[in-house]
Amino acid sequence: MEPKIRVLIAKPGLDGHDRGAKVVARALRDAGMEVIYTGLRQTPEMVAEAALQEDVDVVGLSILSGAHMGLVPRVMELLRANGQEDVHVFVGGIIPEEDVPALLAMGVMAVYGPGTVSDTYITDIRKAVLGQSAAA
Amino acid sequence: MDINAIITAVKAGERLALARLLTQVENDSFEGRAVLDALFSHAGRAHLVGVTGSPGTGKSSLVNQLAKSFRHPADGQPEATVAIVAVDPSSPFTGGAILGDRVRMRDLSGDPGIFIRSMASRGALGGLARSTAAVTQVLDAAGFDIILIETVGAGQSEVDIARLAHTTVVVEAPGMGDDIQAIKAGILEVADILVINKADQPGVEATERALKTNLELAHPEKMEFCSAFGLSLGTFEPKAMWLPPVLRTIAPEGSGVGAVAAAIRQHGNYLRETGEWRLREAARLDSELYHLLQATLMFHWQETIAQGEFEVVFQQLLARQISPQQAVTRLLEGMVTPWQQHG
C-alpha cells in the first residue's frame, strides 16, 4: 500500500471566502488523501506551525484577498526555517497572471485559478509526492 | 536515521523530529516500531485524557478550552504542557479524510507548550485509529504532561477510548434523546466525567436529570473490572469510589471549562491514591497486547497462505458450496501453529 499523502489546506490572510478551499479539500479526500483543514483567517505563522505538527507532504494556500505576494513568501520562509523545505506548496484563488512566475520562482509547485478541474491538481500532487511513476 | 538520534531529538523537544516520528509510528514503519520499542520505558508519565461524544456536541471546542485551561490555570495549579491527538474518520470508500478539528483550536497556535496532531481513523471502528495508542506513547515519552485524545464523533459503542485513557470525558449536548438513551449500555458507562456542552441551549435541565438519574444506578461494574484482570481489591478502597460529576459548559466562551479541568485533575489524583491508575494501565496494556497479537497472527497467516488459495475458497463460499465457518477451517489448514508443532 502506498503511504497516505497528507495535505494541509489553509487560508492565510483576511478574506472570508472558503468555498474554493473546501471544494479542493473534498476533492483531495475523494482522491484518498488525508486533508487537514484549518479554517479561515490564518497567519503565515499558524499555517507553518500546523504544517510542522501535522508533518504534511503538501500545503495548499487559498488566497483571494490579493495579498498573495506578501503571504506566500512568508509561508515559504517559515517552512524553510522549520526545516520543511521539502514540503510542496501550491496556491489557489485569485492570482493575477503576471504574479504567477514570481510565485513559481519562490518555489511554489503550481498556481491554480478558478475553473481548474480537480484531476489537474490531484495528478500534480501525486507526482510531486510519490514521483512520476505513481501519478498514473 | 539513527534511532538514538531520533530519541534524543524528541526528548529534547525538537518538534520536527517529533512530528516526523509520529508519521513513522502512524504508518507502522520499521523505523517507527524500532523507536517505539526504545521509547516504551520512557513513557508512562503523562495523564491520558479521552474526550468523546456524538458528532457536533462540541468536543473540539471543549478540547481547545481545556488545553488553554491547563496551560494557564486560574486556580493556582502548576501549568502543564499539553499534547492533543484529534481523530477524525477516514472514508470507507477512498481511504481519504478531512481532518477538521484544528479549526476549533486556533487559539492554541504559537504556544510551544502545545502540540496538536490530527489523525485519520484509517478503517478502525472503535473511535480511534489503530496507531493512536502508539502515538500517545510517543507524546508521553516526549514529555507532555497531559495528552488530550479527541475521538471520532462517537455514537454508542465506540468505547476504545476508555481502555486507552486514564480519564474519559463524555460530552453530551441538550436534546440528544430521551432518558432511555441514558440507560443504554455503552459510551455513558465509560464516562469518568460527563459534560453537558452547549448548556445555553434549551433542554439542558432534562439532559442533566437523565444523566444524573442514570449515574445513581450505576455501581457494581467497577468490582467486576478488577476481577476481570485478576487484580485484588485490596489496593482498591470501595468507599472512595469515583462518582462521575455532571458538569455544564458553554465551550466557545469557556464557561464551566475550569470546573472540567479541575475534575480531570481530581480524577487523576483519585486514580493514583486508590491504585486504580495501575489497574487502568493493566487493562490498557492487556488490550494493547491482545490487539497486537491479533494483528501479528493475521500477518503470519497471510505469509503462510498459498497464492490464490484465498480466492479459491472465497469463490466456493460465494457459490454457497461451503459455509463461512468451513471456509475459515480450510484457510487455516495450512497454517503451522505452535500447538501443532508440539502435538
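Preceding this paragraph is the structure being described.
How each quantity is defined
Every chain's residues receive numbers from 1 upward, in the order its sequence appears when written. Here every chain gets a letter starting at A, and every ligand a number starting at 1, in the order they are written. Only residues with pLDDT of at least 70 are given local features in this predicted model, and only at 80 or more are side-chain atom pairs given and counted; all residues enter the totals for whole chains, interfaces and linings. Only heavy atoms go into the side-chain values, all of them from the structure, while hydrogens and water stay out. Put simply, DSSP marks the helices as runs of H or I at least four residues long and the strands as runs of E at least two long, and each gets a number from the N terminus on. Here's how the labels work: a residue is buried when its accessible area is under 20% of the maximum for its type, exposed when over 50%, partly exposed in between, all with a 1.4 Å probe on protein chains only. Working rule for contacts: check all heavy atoms of both residues, and any pair within 4.5 Å makes them a contact. Calculation of accessible area relied on Shrake-Rupley with a 1.4 Å probe; when residues are assessed, cover is drawn exclusively from the protein chains displayed. Accessible area that two parts lose when put together, evaluated with a 1.4 Å probe and summed over both, is termed the buried area. Salt bridge criterion: a side-chain nitrogen from Lys or Arg within 4 Å of a carboxyl oxygen from Asp or Glu. Polar contact is defined as a pair of N or O atoms within 3.5 Å, subject to the rule that within protein one atom must be able to donate a hydrogen and the other to accept it, and that residues adjacent in sequence are counted only when both atoms are side-chain atoms. Think of it as three bins: nonpolar holds Ala, Val, Leu, Ile, Met, Phe, Trp, Tyr, Cys and Pro, charged holds Asp, Glu, Lys and Arg, and polar takes everything else, Gly as well. Orientation is described by axes fitted as lines to C-alpha atoms, over the contacting stretch for helices, and by angles from 0 to 180 degrees between their N-to-C directions. When an angle is under 35 degrees it counts as roughly parallel; over 145 it counts as roughly antiparallel; between 65 and 115 it counts as roughly perpendicular; any other value is oblique. Whether two strands pair comes down to DSSP finding at least two bridges between them. By convention, a crossover is right-handed whenever its connection, traced from the first strand over the helix to the second and viewed with the strands pointing away, goes clockwise. Pairing of aromatic side chains here covers Phe, Tyr and the six-membered ring of Trp, requires ring centres within 6.5 Å, and sorts the geometry by plane angle: under 30 degrees stacked, over 60 edge-to-face, intermediate tilted. In this analysis the charged atom, NZ for Lys or CZ for Arg, is taken to sit over a ring once it is within 6 Å of the ring centre and within 35 degrees of the ring normal. Working definition of a nonpolar core: buried Ala, Val, Leu, Ile, Met, Phe, Trp, Tyr and Cys residues. They are joined through side-chain atoms within 4.5 Å. Marked domain ranges trace back to an automatic or database domain assignment.

A.B. asks: Would you explain the overall build of chain B in this entry?
C.D. replies: For chain B, the count of helices and strands is 14 helices and eight strands. When burial is assessed residue by residue, chain B has 48% of its 343 residues classed as buried. Pairs at least 24 residues apart make up 75% of the contacts formed inside chain B by residues separated by at least 6 positions. Per element, the accessible surface of chain B, about 17300 Å² overall, is 57% carbon and sulfur.

A.B. asks: Any chance you could explain the interface of chain A and chain B here in plain terms?
C.D. replies: Interface extent is often summarised as the accessible area lost during association of the parts. Contact with chain A, which involves 28 residues of that partner, is made by 26 residues of chain B. Of the roughly 2300 Å² buried at the junction of chain A and chain B (both faces included), carbon and sulfur atoms supply 47%. The residue Arg102(B) makes a salt bridge to Glu54(A) at a minimum N-O spacing of 2.6 Å. Across the chain A-chain B interface, the total number found is 18 residue pairs in polar contact (both at pLDDT 80 or more). Only α1 (19-30), β2 (34-37) and α2 (44-54) of chain A provide two or more residues apiece to the side of chain A that touches chain B. In terms of residue count, the dominant contributor to the side of chain A that touches chain B is α2(A) (six residues). For the side of chain A that touches chain B, the per-class residue count stands at nine nonpolar, eight polar and 11 charged.

A.B. asks: Got a minute to help me understand the packing of helix α2 (residues 15-26) of chain B against helix α3 (residues 30-39) of chain B in this structure?
C.D. replies: Each packed pair of helices is defined by two parameters, the angle between the axes and the distance between the axes. Residues and elements named next belong to chain B. Where α2 contacts α3, the axes come no closer than 7 Å and their chain directions differ by 110°. Classed by the angle they form, the pair α2 and α3 counts as roughly perpendicular. Side by side, α2 and α3 meet where Leu21, Gln24 and Val25 of the first sit next to Glu31, Gly32, Val35, Leu36 and Leu39 of the second. Considering only residue class, the contact of α2 with α3 consists of five nonpolar, two polar and one charged.

A.B. asks: How do you make sense of the pairing of strand β1 (residues 6-10) of chain A when you look at a structure like this?
C.D. replies: Here is the key point about a regular strand: its side chains alternate between the two faces of the sheet. All names here are of chain A. Counting buried positions along β1 yields five of five residues, so the element is predominantly enclosed. Two elements, β1 and β2, share four bridges in a ladder whose sense is parallel. Directly across from Arg6, in β2, lies its bridge partner Glu34. What joins β1 to β2 is α1, and the crossover it makes is right-handed. By the bridge criterion, four bridges tie β1 to strand β3 (residues 58-63) in an arrangement that is parallel. Among the inter-strand pairings, Val7 is bridged to a residue of β3, identified as Val58.

A.B. asks: Mind showing me how you'd approach the pairing of strand β4 (residues 114-120) of chain B here?
C.D. replies: All names here are of chain B. The buried fraction of β4 is high, at seven of seven residues. Residues Ile114, Ile116, Ser118 and Ala120 of β4 are buried on one face, and the alternating residues Phe115, Arg117 and Met119, pointing to the opposite face, are buried as well. Taken together, the seven bridges between strand β2 (residues 82-88) and β4 define a ladder with parallel strand orientation. Residue pairing for β4: Ala83 is matched across the bridge by Phe115.

A.B. asks: Please clarify how the sheet that holds β2(B) should be interpreted in this entry.
C.D. replies: Adjacent strands of a sheet pair through backbone hydrogen bonds, lying either parallel or antiparallel. Residues and elements named next belong to chain B. Taken together, seven strands build an open sheet; the order of strands is β4-β2-β5-β1-β6-β7-β8 and the sheet is parallel. The strands lining the two open edges of the sheet, one partner per strand, are β4 and β8 (246-248). Pairwise comparison of adjacent strand axes, ignoring direction, gives a mean angle of 20° for this sheet.

A.B. asks: Sorry if this is basic, but what is going on with the pattern of salt bridges here?
C.D. replies: When their charged atoms lie close together, side chains carrying opposite charge are able to pair. The tally for this structure, following the rule as stated, stands at 23 salt bridges over all chains. Among the ionic pairs, Asp15(A) bridges to Lys11(A), the shortest N-O distance being 2.8 Å. Through salt bridges with shared partners, a single ionic network connects Arg6(A), Glu34(A), Glu54(A), Glu26(B), Arg102(B), Arg117(B) and Arg122(B).

A.B. asks: Can you help me understand the packing of aromatic side chains in this one?
C.D. replies: Each aromatic ring pair is characterised by the separation of its centres together with the angle its planes make. Scanning all chains against the criterion turns up six aromatic pairs over all chains. Between Phe90(A) and Tyr112(A), the aromatic rings sit 5.6 Å apart at their centres with planes inclined by 70°, giving edge-to-face as the arrangement. Residue Phe90(A) is found in strand β4 (residues 88-93), and its partner Tyr112(A) is found in strand β5 (residues 110-112); the two are separated by 22 residues along the sequence. Taken together, the ring pairs connect Phe90(A), Tyr112(A) and Tyr121(A) into an aromatic cluster. Over the ring of Trp277(B) we find Arg272(B); its NZ or CZ atom is 4.4 Å from the centre of that ring.

A.B. asks: Looking at this structure, I do not really get unusual backbone geometry. What am I missing?
C.D. replies: All names here are of chain A. For Arg41, which is not a glycine, the phi torsion comes out positive at approximately 50°. At Asp55, a position not held by glycine, the phi torsion is positive, near 45°. With respect to the element layout, Asp55 can be found in the loop between α2 and β3. Given a relative accessible area of 12%, Asp55 falls into the buried group.

A.B. asks: Which parts of the structure should I look at to understand the environment of Gly58(B)?
C.D. replies: Residue and element names in this part refer to chain B. Tracing the backbone shows Gly58 in the loop between β1 (47-53) and α4 (59-71). Taking the relative accessible area as the measure of exposure, Gly58 reaches 16% and is therefore buried. Each C-alpha atom, one on Gly58 and one on Lys198, is 7.6 Å from the other, the two residues being 140 residues apart in sequence. When near neighbours in sequence (up to four residues on either side) are disregarded, Gly58 contacts Asn197 and Lys198.

A.B. asks: I tried to follow the nonpolar core on my own but got confused; where do I start?
C.D. replies: One recurring pattern in soluble globular proteins is that nonpolar side chains are buried together. Residue and element names in this part refer to chain B. Leu18, Leu21, Val138, Leu139, Phe144 and Ile147 are the most contacted members of the largest nonpolar core, which has 36 residues in total. Broken down by secondary-structure element, the contributors of at least two residues to this core are α1 (3-11), α2, α3, β2, β4, α5 (132-141), β5 (146-150) and α6 (160-164). For this core, the two domains that each supply at least three residues are domain 1 (1-39) and domain 2 (43-292). Leu139 has contacts with Leu18, Leu22, Ala83, Val85, Phe115, Phe144 and Ile147, leaving out every residue within four places of it along the chain. Core analysis: the next-biggest nonpolar cluster, separate from the first, contains 31 residues, Ile84, Ile116, Val195 and Leu271 among them.

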